[in-house]
Structures are given as C-alpha cells and as structure tokens.
Amino acid sequence: MSSNKVYVIGVGMTKFSKPGREGAEDYPAMAKQSGTRALEDAGIAFDQIEQAHVGFMYGESTSGQRAIYELGMTGIPITNVNNNCSTGSTALYLAAQAIRGGLADCTLALGFEKMQPGSLATSYEDREQPLMNHIQALAELREFAFPPAPWMFGAAGLEHNERYGSTPEHFAKIAEKNHRHSANNPYAQFQDVYELEDIQSAKMIYAEAGLTRLMCSPTSDGSGAAVLASEAFVEKHGLGDRAVEIVGQAMVTDMRSTFDTKSAINLVGADMSKKAAEKVYAQSGLTPDDVDVIELHDCFAPNELITYEALGLAAEGEAHKLVDAGDTTYGGRWVVNPSGGLISKGHPLGATGLAQCAEMTWQLRGEAEKRQVPGAAEKSGVALQHNIGLGGAVVVTAYQSANR
C-alpha cells in the first residue's frame, strides 16, 4: 500500500427486505436512497465525486450507470462490479484503491441487489459455471446435496465438527446470537429473537450438518453506499471529526491450497480469509486483540465459526470455545455481527459489503444506538470487516476513527 490515507466520510443504506414483496422498489430507487444518504452523511454534493464503483450480481451490464444517474450525471468514470457475495466490498476496495494510489480525492462505492425469492439460481445454462471446480472438488469429499450453497458451507462446518469437536449446536448458538443482535437494527430484514430450540427445530436445509433455515442468510433486496476521501479532502472540508480511516485493506482470491489441501473449509475460502486478515494486520500494525467490533460474512452459521479462526480470533480448532464462552457477543472479547449479520440483517449480494462498512462506521462514531459496542467509539476503537464470495474473492478491511 502507498502512504496515501483513505477515509470513509459518509455512509448510507436502505432497509433490507424480502424480494418479490408487493410494492418492492426497483434498484434505481434503492440506489438513490442509499447514495443520497451517504452524500448527506458526508456533507458533500455529488459533483464532488470523481469516480463511482457500483456492485451488483443480478442485473444488466450498465445497471451501475443507471443507478448512479439517480444521484447525478457528471460524466465521471463509473465501473460495474460483480464478485459474487463479496461484490459490495470489492466496489469499496476499488474506490479506496483510487484514493490510495493518488488517482482521486473523493470516490463513491455503491452496491445494490434486487433478487428473486428462493434459493440462488444460475443465470446461464449454456456455459461452465464459475463454481464447478469447487463443487466437483467438494463432491469428492462429501456427497452432493442441493441447494449447493448450504451444502458447501455445511460441509465445511461438518469438517470442523469431525476434526475439532465442535457440534451443530454451535451453529445454532451463532444464529441465535445474530438474530438477537438484529432486534436492535432498524435496517435489518428480520428483527425476530429466537430461542435456541426454535433455531434447531426450524425447517432443515442440510440435514447432515444440522443446518436449518434460521442458520442461513435469506435472499434480500437492498442497497448500501460509502463515500471515501483522501486526507487532503478531509482536511480541506473539515471532515476529520466524523471521518473513519481505512487503516488496512486486502483482497485475496483462491490459491492452490483451496484445492490441494482437500479440505471443505478451504474450499469455502478459509485460506483466502486468513491470508487477507494477515495482510491487514501487517498493514495496520493491529492484532485481533486490538479489535472491538467485527462484521463478518455469516452467509451460513458454520462460516462464522470457521472465520473466527481465519481472522485470528481463535487458534485452529478452537473457534467453538469462543461460542461457549460468549466471547463474540456483548460482554465478551469481541462483538461479532452487531447488525445481525447476513443471517438476520439480510444478504442482498451487491450491497452486503457496503452495509458492513456502514455498520463499522456507525460503531466507530458512536452512532449505532441500541447496538453500540462499548469501546468501539473510543479513540482506540478498531473495527474489522470480512466479506467473502466463492469462486473466489475475500476482502478484509480494518477501520479506526480519524481523530484517534
């Protein structure tokens, strides 16, 4: 990374909601809402934005332009970003990279998704599917089950159970925590609190791993946005009191270890996550012990469990001990997914990474209201974000208040 600093100066998002509902907004309206909120939060006008990077998975080629035109038409470069479930944080990464490299002083990252109800489906049947290598490799380790996504992450959870002694109950406890957290998030798709038994007895999605519907993220509609700026821009406009610095950021894609280790855990990206986290800790000089609050990619509860280890919160094979000790909720060592995470807040694929960024920014500013994490808004407060997409890419980002 160069020495150019990058700051988040404004964030905004829509309430995440169930796809296909009556009166559902189209993506331009969602993008207008999140983008306008981010600009207003930053206190700047759209004509001060020099680049925009727009993430979505399901849509036509220049949907990014159509979305941004709701905010203004100034002729700036607009890129359309698609990186599976890490699409939103990939847009964030590109917007930050432009500032970090000295190519712009103020950029916009925006993500949205208007999804179809039900399980994710492929858009094209006449060509190789991007995840085919991953699916074939996993099918050599576990009997294939449909739908593929819960099977893949469930298989990773099963591997952890068999190797290290964790159990499906740990997945249920993670889901219970995230549903409980979402009760305080007005942007969450679900704000229902469940008992552990309710989660375990819900509709079974992948029986071998004990994975029920309430341990899985839903399909969702929604949008999120973040305005990023250089140090010079922050100083010029007097934004230091509300700015949050990106003190470390890394994107990592699949490595040979994804396949060569013959591990379901690595096939769903644990090695990518570990490498990205290590890069971020090295860039920032931080360690997991410095972190107060974390938003991580709990598309399925088993992935939250294995990501504890990938991010260095627990040693290999000991993630479930954090769950048993209550170390990932209020009163514990970290608060993980105070927003409710993907499981309960929702998972509109292109918006997820930017909603995570918004939550981290609010936490460090002390603006998270009932879900505020003690210590996060102090000058030493640190927030960590993890967003992953199979096939594959992971983005890990560390944040601190600019006036620390």
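Residues numbered from 1 in each chain as written. Predicted model: local features only at pLDDT ≥ 70, side-chain atom pairs only at ≥ 80, totals over all residues. Heavy atoms only, no water.

Student: Looking at this structure, I do not really get the environment of leucine 71. What am I missing?
Tutor: By the secondary structure assignment, leucine 71 is in the loop between helix 2 (63-68) and strand 3 (78-81). Each residue touching leucine 71, except ones within four places of it in the same chain, is listed here: Ala31, Lys32, Gly35, Thr36, Phe46, Leu108 and Leu110. (Helix = DSSP H or I, 4+ residues; strand = E, 2+ residues; numbered from the N terminus. Contact = heavy atoms within 4.5 Å.)

Student: What is the right way to look at the sheet that holds strand 2 (residues 51-55) in this model?
Tutor: Spatial strand order, 3-2-4-7-1-8-12-11-9-10: ten strands in an open sheet with mixed pairing. One side of each edge strand has no neighbouring strand; the edge strands of this open sheet are strand 3 and strand 10 (335-336). As paired elements, strand 9 (residues 293-295) and strand 10 share two bridges and run parallel to each other. Counted as the bridge partner of valine 293 is valine 335 from strand 10. On the sheet, helix 11 (residues 270-284) packs against strand 8 (244-253), strand 11 (382-389) and strand 12 (393-401) and is oriented at approximately 145° with respect to strand 8. (Pairing = 2+ DSSP bridges. Axes fitted to C-alpha atoms, helices over the stretch in contact; angles between N-to-C directions.)

Student: Would you mind going over the pairing of strand 3 with me for this structure?
Tutor: Within a regular strand, side chains alternate between the sheet's two faces. As paired strands, strand 2 and strand 3 are joined by four bridges and run parallel to one another. Looking across to strand 3, one finds that histidine 53 is bridged to threonine 79. Crossover connection from strand 2 via helix 2 to parallel strand 3: handedness right-handed. (Right-handed = clockwise from strand over helix to strand, strands pointing away.)

Student: Looking at this structure, how should I read the packing of aromatic side chains?
Tutor: The geometry of an aromatic ring pair is captured by two quantities: the separation of the ring centres and the angle between the planes. Summed over the entire model, instances satisfying the criterion amount to five aromatic pairs. Judged by centre distance (4.9 Å) and plane angle (15°), the ring pair of tyrosine 27 and phenylalanine 112 falls under stacked. Pair noted here: tyrosine 27 is in helix 1 (residues 27-42) and phenylalanine 112 is in strand 4 (residues 106-113), with a separation of 85 residues, a long-range link. The two residues tyrosine 27 and phenylalanine 112 agree in class, both being buried. Note on phenylalanine 144 and tryptophan 151: the rings are 4.8 Å apart at their centroids and 70° apart in plane angle, and the pair reads as edge-to-face. Owing to a relative accessible area of 41%, phenylalanine 144 belongs among the partly exposed residues under this scheme. Through successive ring pairs, a cluster of aromatic residues spans Tyr27, Phe56 and Phe112. (Phe/Tyr/Trp six-rings, centres within 6.5 Å; stacked < 30°, edge-to-face > 60°. Buried < 20%, exposed > 50% of the residue type's maximum accessible area, 1.4 Å probe, protein only.)

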